[in-house]
Amino acid sequence: MKKIICFLICAFFTAQSAVFAEGEQTTDLGLNARSAILMEESTGNILYESNPDERVPIASVTKVMTMLLIMEAVDGGKITLDDMVTVSENAMSYGGSTMFLEAGEQLSVNDMLKGIAVASANDGCVAMAEYLAGSESAFVDMMNAKAKELGMENTHFMNTNGLDDDGHYSSARDVAIMSRELIKHKTIFDYTSIWTDTLRGGKFQLANTNKLVRFYEGANGLKTGSTSKALCCLSATAKRNDMQLIAVVLGAPTSAERFSSAKSLLDYGFANYSINTQITAGDEVETARVEKGVDSEVKVTAGETYSTLVRKGQEENITKEVILDGEITAPIEAGQRIGTMKISRGGEVIAEIDLNAASSVERKGIGLIIKDFFKIIFGGETRAAENI
């Protein structure tokens, strides 16, 4: 009997730990959607979920992946925002949400991104796919390869824009994963946070399909979608007090309910959680002695930013330990790794951050070594004489 009681107690606390790992989800937010999830961006922690792994159609939320590949090409130097894209007959043929592209028309990558992010332009997606990969099918292959790379286990793309197609699906969790990857490219917010704008010298008006951008505090993206199969979908992002949240709602019966559900998720996150930045990239953590250098010391700085997510009202037992890589000897390059910071919570290491040299330190030449030698010798004699 005692063994049974012990087993039940252990099972209870294991279940409690599992709930905490998923963000202490003890509240039913009453979302009217097929699936949903709430993620904190810097940590990737899940704060709330409801049926997050079911494979479902996601409509134009697909364009999160399309925009991700475009932004990778821009930030990777493959293309620029000023590059001109020529529209094909194939791209022009796409209906639904469009930016009314004409075959032979040329628009910049910047304008194409506006059309895709703000107006959800299906034709713009195909034009960019052809520009980047040569064909839409080749670009779709890139989308699926990226999904696999990101660990999106319940996703398969058949097109660039999310039009209903057998075999085209994703999940709330996977949408959050690709949304998190997209917003690492901060320039994307220049497009996803637009409320209204124009193209073609003011001749074509743009209005964002994501109403939260105007009506929800801190909203900065990301992408809506709706088709007869997918119903109403949304990946909504918002930032307050250094905390960036990603709320995904899939399969809501109406547009109003998808926005209401996303707002409920974001409200829950902002009300119950906060971000503690433990270290910021570039922060000076200490000064290290340098052997055989023209400078005897070098400042040691953090190589990256690390934050922890906490439930409001709960304290963190965080400790930080600086460990230098033994004796530091010149020459040293600026940015060179010279140590590690171990960040622990409750005695358990949760992160190891590279520590770098803030500046270069040249190795002493023979002249300086001889000069220092005599300085030590004669400096010592002088001090000795003064003590007689």
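If you're wondering where the values come from, they're calculated on a predicted model, not measured in any experiment.

In space, the five strands of this open sheet follow the order β2-β1-β9-β8-β7, with antiparallel pairing throughout. Strand pairing shows two members of the sheet lacking a second neighbour, β2 (46-50) and β7 (219-227), which therefore form its edges. For this sheet, the mean angle separating the axes of adjacent strands, direction not counted, is 5°. Of the pairings in the sheet, the one linking strand β8 (residues 231-240) to strand β9 (residues 243-252) comprises eight bridges and is antiparallel in character. Bridging across to β9, R240 finds its partner in M243.

With that settled, consider the state of the cysteines. Taken as a whole and judged by the stated rule, the model has zero disulfides. Summary of cysteine pairing: C232 is not part of a disulfide, and the nearest cysteine sulfur, belonging to C233, is at 7.2 Å.

Here we take up the nonpolar core. Formed by 63 residues in total, the largest nonpolar core has its most connected members in M65, M112, M128, F157, M178 and I188. The element best represented in this core is helix α2 (residues 63-75), accounting for nine residues. Among residues more than four places away in sequence, those in contact with I188 are M67, M71, L113, L182 and I183. In terms of nonpolar packing, the next biggest core, distinct from the first, is built from 27 residues, L31, C232, A247 and I275 among them.

With that settled, the discussion passes to the side chain of S170. Relative to the helices and strands, S170 resides in the loop between α6 (136-149) and α7 (172-182). Residue class for S170 comes out buried when judged on its relative accessible area of 0%. In this structure the side chain of S170 is engaged in a polar contact, spanning 2.7 Å, whose partner is the side chain of T155. Ignoring sequence-local partners within four residues, the contact set of S170 consists of E54, R55, V56, I58, M152, N154, T155 and V175.

Next up on the list: the sheet that holds strand β12 (residues 297-302). As summarised here, the arrangement of the five strands in space is β11-β12-β16-β15-β14, forming an open sheet in which the pairing is antiparallel. At either end of the open sheet lies a strand with only one pairing partner, and these are β11 (284-289) and β14 (318-324). Taking each pair of neighbouring strands and ignoring which way they run, the sheet shows an average axis angle of 30°. Relative to strand β16 (residues 348-357), β12 runs antiparallel, the two sharing three bridges. Looking at the pairing, V300 lines up with A357 of β16.

Two elements in contact, α2 and helix α4 (residues 109-119), have axes whose closest approach is 11 Å; the angle formed by their N-to-C orientations is 160°. Comparing their axes, α4 and α2 come out roughly antiparallel. The two elements α2 and α4 cross, and the hand of that crossing is left-handed. Counted together, K63, M67, I70, M71 and V74 of α2 and V109, L113, I116 and A117 of α4 form the full contact between these two elements. Per-class residue counts for the contact of α2 with α4 are eight nonpolar, no polar and one charged.

Right, let's talk about the packing of aromatic side chains for a bit. Within the structure shown, the criterion is met by four aromatic pairs. Arranged with centres 5.8 Å apart and planes meeting at 70°, the rings of Y48 and Y268 form a pair that is edge-to-face. Of this pair, Y48 sits in strand β2 while Y268 sits in helix α10 (residues 255-272), and the two are 220 residues apart along the sequence. Between W195 and F215, the aromatic rings sit 6.1 Å apart at their centres with planes inclined by 75°, giving edge-to-face as the arrangement.

On to the pattern of salt bridges, then. Applying the stated criterion across every chain yields a total of 15 salt bridges. For K299, the salt bridge identified is with E284, shortest N-O distance 4.0 Å. One end of the pair, K299, is in strand β12; the other, E284, is in strand β11, and 15 residues separate them in sequence. The exposure class of K299 is partly exposed, given its relative accessible area of 47%. The salt bridge involving E291 is made with R289; its shortest N-O contact spans 3.2 Å. Connected through salt bridges with shared partners, the residues E49, D53 and R173 form a single ionic network.

For the rest of this paragraph, the subject is the confidence of the model for the protein chain. Per-residue pLDDT for the protein chain has a mean of 90; in total, 88% of the residues score no lower than 70. Scored below 50 in pLDDT, residues 1-23 makes 14 contacts in the model with residues more than four places away or belonging to other chains. Low confidence marks residues 381-388, where pLDDT is under 50. Its contacts with residues over four positions away, or in another chain, come to zero contacts.

Where α2 contacts α7, the two axes come as close as 9 Å, and the packing angle between them is 30°. Considered as vectors, α2 and α7 are oriented roughly parallel to each other. Considering the relative orientation of α2 and α7, their crossing is left-handed. Between α2 and α7, the residues in contact are V64, M65, M67, L68 and M71 and M178, S179, E181 and L182, respectively. Among the residues forming the contact of α2 with α7, the class breakdown is seven nonpolar, one polar and one charged.

How each quantity is defined
- Residues numbered from 1 in each chain as written.
- Predicted model: local features only at pLDDT ≥ 70, side-chain atom pairs only at ≥ 80, totals over all residues.
- Heavy atoms only, no water.
- Pairing = 2+ DSSP bridges.
- Helix = DSSP H or I, 4+ residues; strand = E, 2+ residues; numbered from the N terminus.
- Axes fitted to C-alpha atoms, helices over the stretch in contact; angles between N-to-C directions.
- Disulfide = S-S within 2.5 Å.
- Core = buried A, V, L, I, M, F, W, Y, C linked by side-chain atoms within 4.5 Å.
- Buried < 20%, exposed > 50% of the residue type's maximum accessible area, 1.4 Å probe, protein only.
- Contact = heavy atoms within 4.5 Å.
- Polar contact = N/O pair within 3.5 Å; in protein donor to acceptor, adjacent residues only side chain to side chain.
- Parallel < 35°, antiparallel > 145°, perpendicular 65-115°, else oblique.
- Left-handed = near helix turned anticlockwise from the far one by under 90°.
- Nonpolar A, V, L, I, M, F, W, Y, C, P; charged D, E, K, R; others polar.
- Phe/Tyr/Trp six-rings, centres within 6.5 Å; stacked < 30°, edge-to-face > 60°.
- Salt bridge = Lys/Arg side-chain N within 4 Å of Asp/Glu carboxyl O.
- pLDDT = per-residue confidence, 0-100.

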